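Survey of secondary and tertiary structure
Here's the letter readout for the chains.
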Amino acid sequence: MERGRGRWNSVSRGMLPLLALHTVTEFYRLERKPPFTAGLIAANTIIYLRPSFLHPILPTINEVWFNPHLILKYKDLKRFFLSAFYHLNDSHLVYNMLSLLWKGIQLETSIGSAEFASTVAALVAMSQGITLLLAKALLLFFDYERPYYQEYAVGFSGVLFAMKVILNAQSDDYTYVHGLLVPTRYAAWAELILIQMFVPGVSFLGHLGGILAGLLFLRLKASYSGANLLTTIIRGLSHALNWPLRFVKCLFRSQPRFGGRGTVGGRQTSDTSQVWSCQGCTFDNSVWLSVCEMCGTSHAVDGRSSLSSTDEIQDLSLDELRRRRIQRYGR
């Protein structure tokens, strides 16, 4: 993105044929033509040229400058979204479109046109939104109003910085950035600093917002294996909204059972402190019961039972024990 006002189309359009020639040459040598990249370059160029038949439709650059103060004060979404597709002069447009040509060809041929289109839409919104938040934060915490909050900027370079982060995220190679050899994954950061030092009139906050948007996009993509970023966001919101319900369920999950269902002659796999084994028939009963459900023997705390002895129980068959249980409890 570039800053400033009143400098629109201040340079002659002699560089535009160079952009057209380079674009046609690159697309001619490709076996698989990336249509969305071509359309994006054409859209930016047409907006810059402003042919007469589009005058009633296209807003002027003064209506779309990215200005955090005006966007937040008037909730101006036109400035928020359209400012990325406007450029100040030939050099600004050609530099950004050549960068878009190289990055767009790589991304679109690798992930497909549909996903690339959704990626560009997400990066435009994210880079603009992060830039807006950064400007507001600098105003609130450091009182930087003139440098950033009242800044006017346009251009596609914020999205291009985000694309560079995505392309270089997994690379372990080295690359040259304006003559300086740096690790490829940090090339965007190096370019941010070098451009700010040697190129006047660029928007530092707009470029930084693009880098942070690329990092955030990669983080969101990594949290979901699919290609739909919107699904990731919806799933995250659903998980957050369901947390109170899951917490309540956890509170009532481990309630004690007052039934005496168990096993005869066996051992329960659950917590043994919640049952006691009848000395007569070895039936496991709940601790809430003082009498064995199977044979009627009372829980012998001191080693003796009050209702029937162990010798008597041993002489009884299993069918007899079940019959006594039915007679005693009616089930």
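To start, this report covers the structure provided alongside it. Per-chain numbering applies: the sequence of each chain, read as written, is numbered from 1 onward. Two thresholds apply to this predicted model, a pLDDT of at least 70 for residue-level local features and 80 or more for giving and counting side-chain atom pairs, whereas whole-chain, interface and lining totals are computed over all residues. By convention in this description, side-chain values take in all heavy atoms of the structure and omit both hydrogens and water.

When DSSP finds two or more bridges between a pair of strands, those strands are recorded as paired. Each helix corresponds to a stretch of at least 4 residues labelled H or I by DSSP, and each strand to a stretch of at least 2 residues labelled E; elements are numbered beginning at the N terminus. Here strand 3 (residues 174–177) runs beside strand 4 (residues 180–183); their pairing, made up of four bridges, is antiparallel. Paired with Tyr176 across the strands is Leu181, a residue of strand 4. Joining the antiparallel neighbours strand 3 and strand 4 is a turn of two residues, in which His178 adopts a positive phi near 55°.

Packed helix pairs are specified by the crossing angle of their axes together with the interaxial distance, meaning the distance between the axes. Whenever a helix is involved, its axis is fitted only over the stretch in contact; in every case the axis is a line through C-alpha atoms, and angles between N-to-C directions fall within 0 to 180 degrees. One can describe the packing of helix 1 (residues 16–29) onto helix 5 (residues 90–111) by two numbers: an axis separation of 10 Å at closest approach and a directional angle of 10°. As far as their axial angle goes, helix 5 and helix 1 are roughly parallel. Contacts between helix 1 and helix 5 pair Leu16, Leu19, His22, Thr23, Glu26 and Phe27 from the former with Asp90, Leu93, Val94, Met97, Leu98, Leu101 and Ile105 from the latter. A breakdown of the residues in the contact of helix 1 with helix 5 according to their chemical character gives nine nonpolar, two polar and two charged. Angular relationships are summarised with four words: roughly parallel below 35 degrees, roughly antiparallel beyond 145, roughly perpendicular across 65 to 115, and oblique for the angles in between. Residue contacts are counted whenever heavy atoms from the two residues lie within 4.5 Å of one another. Note that Gly is not counted as nonpolar here; it falls among the polar residues with everything else outside the nonpolar set of Ala, Val, Leu, Ile, Met, Phe, Trp, Tyr, Cys and Pro and the charged set of Asp, Glu, Lys and Arg.

Here we take up the pattern of salt bridges. A pair is scored as a salt bridge if a Lys or Arg side-chain nitrogen falls within 4 Å of a carboxyl oxygen belonging to Asp or Glu. Here the structure, examined in full by the defined rule, presents six salt bridges. A salt bridge links Asp76 to Arg79, with the shortest nitrogen-to-oxygen separation between them at 3.1 Å. Judged on exposure class, the residue Asp76 and its partner Arg79 are both buried. Here Glu191 makes a salt bridge to Lys164, at a shortest N to O gap of 3.2 Å. With Glu191 in helix 9 (residues 187–198) and Lys164 in helix 8 (residues 157–168), this pair connects stretches of sequence that are 27 residues apart. For Glu191, a relative accessible area of 10% corresponds to the buried category. A single salt-bridge network, built from bridges that share partners, covers Asp76, Lys78 and Arg79. Working definition: with a 1.4 Å probe on protein chains only, accessible area under 20% of the residue-type maximum means buried, over 50% means exposed, and in between means partly exposed.

Here we take up the packing of aromatic side chains. Pairing of aromatic rings covers Phe, Tyr and Trp, the last counted by its six-membered ring, and requires centre-to-centre distances within 6.5 Å; plane angles under 30 degrees mean stacked, over 60 mean edge-to-face, and any other angle means tilted. Applying the stated criterion across every chain, the model contains six aromatic pairs. Their ring planes at 80° and their centres at 4.8 Å tell us that Phe80 and Phe81 sit as a pair that is edge-to-face. For Phe80, a relative accessible area of 11% gives the class buried. Its relative accessible area of 36% is what places Phe81 among the partly exposed residues. Cluster of aromatic residues (ring-pair linked, three or more members): Phe142, Tyr144 and Tyr148.

The first and last C-alpha atoms of helix 2 (residues 35–49) sit 21 Å apart over 15 residues, in line with the 21 Å expected at 1.5 Å per residue. If you check which residues of helix 2 are buried, you get Thr37, Leu40, Ile41, Asn44, Thr45, Ile47 and Tyr48. For helix 2, the buried positions fall inside an angular range of 165° around the axis, keeping them on one side. Where the residues of helix 2 are buried, they touch helix 1, helix 5 and helix 6 (113–142). Backbone geometry just downstream of helix 2 places Arg50 in the positive-phi region, at approximately 50°. By definition here, a helix of n residues has an expected span of 1.5 Å times n minus one. The arc under discussion is defined with respect to the helix axis, by the directions toward the C-beta atoms.

Let's shift gears to a nonpolar patch on the surface. Together, Leu140, Phe141, Phe142 and Tyr144 make up an exposed nonpolar region whose accessible area comes to about 510 Å². Tracing the sequence through the fold places Tyr144 in the loop between helix 6 and helix 7 (145–149). The class for Tyr144 is partly exposed, based on a relative accessible area of 40%. Here, patches come from residues exposed beyond 30% relative accessible area and free of salt bridges, joined within 9 Å for like charges and within 5 Å for nonpolar side chains (Val, Leu, Ile, Met, Phe, Trp, Tyr). Note on areas: these come from Shrake-Rupley sampling with a 1.4 Å probe, and a residue is covered only by the protein chains present in the view.

Our focus in this paragraph is the environment of Val124. Checked against the element boundaries, Val124 lands in helix 6. Sequence separation between Val124 and Ala213 is 89 residues; the distance between their C-alpha atoms is 8.7 Å. The contacts of Val124, once residues within four sequence positions are left out, are Phe81, Phe85, Phe156 and Val159.

Our next topic: unusual backbone geometry. The phi dihedral of Arg50 falls on the positive side, at around 50°, and the residue is not glycine. Structurally, Arg50 can be placed in the loop between helix 2 and helix 3 (68–74). Taking the relative accessible area as the measure of exposure, Arg50 reaches 10% and is therefore buried. Positive phi is not limited to glycine here, since His178 has a value of about 55°. One can find His178 in the loop between strand 3 and strand 4. For His178, a relative accessible area of 56% corresponds to the exposed category.

At a minimum axis distance of 9 Å, the contact between helix 2 and helix 5 shows a crossing angle of 170°. Put simply, helix 2 runs roughly antiparallel to helix 5. The way helix 2 lies across helix 5 gives a crossing that is right-handed. Residues Pro35, Phe36, Thr37, Leu40, Ile41, Asn44, Thr45 and Tyr48 of helix 2 pack against Asp90, Leu93, Met97, Leu100, Leu101, Gly104, Ile105 and Glu108 of helix 5. A breakdown of the residues in the contact of helix 2 with helix 5 according to their chemical character gives ten nonpolar, four polar and two charged. Should the near helix be turned anticlockwise from the far one by less than a right angle, the crossing is left-handed, and should it be turned clockwise, the crossing is right-handed.

Function-wise, these values are silent; they only describe arrangement.
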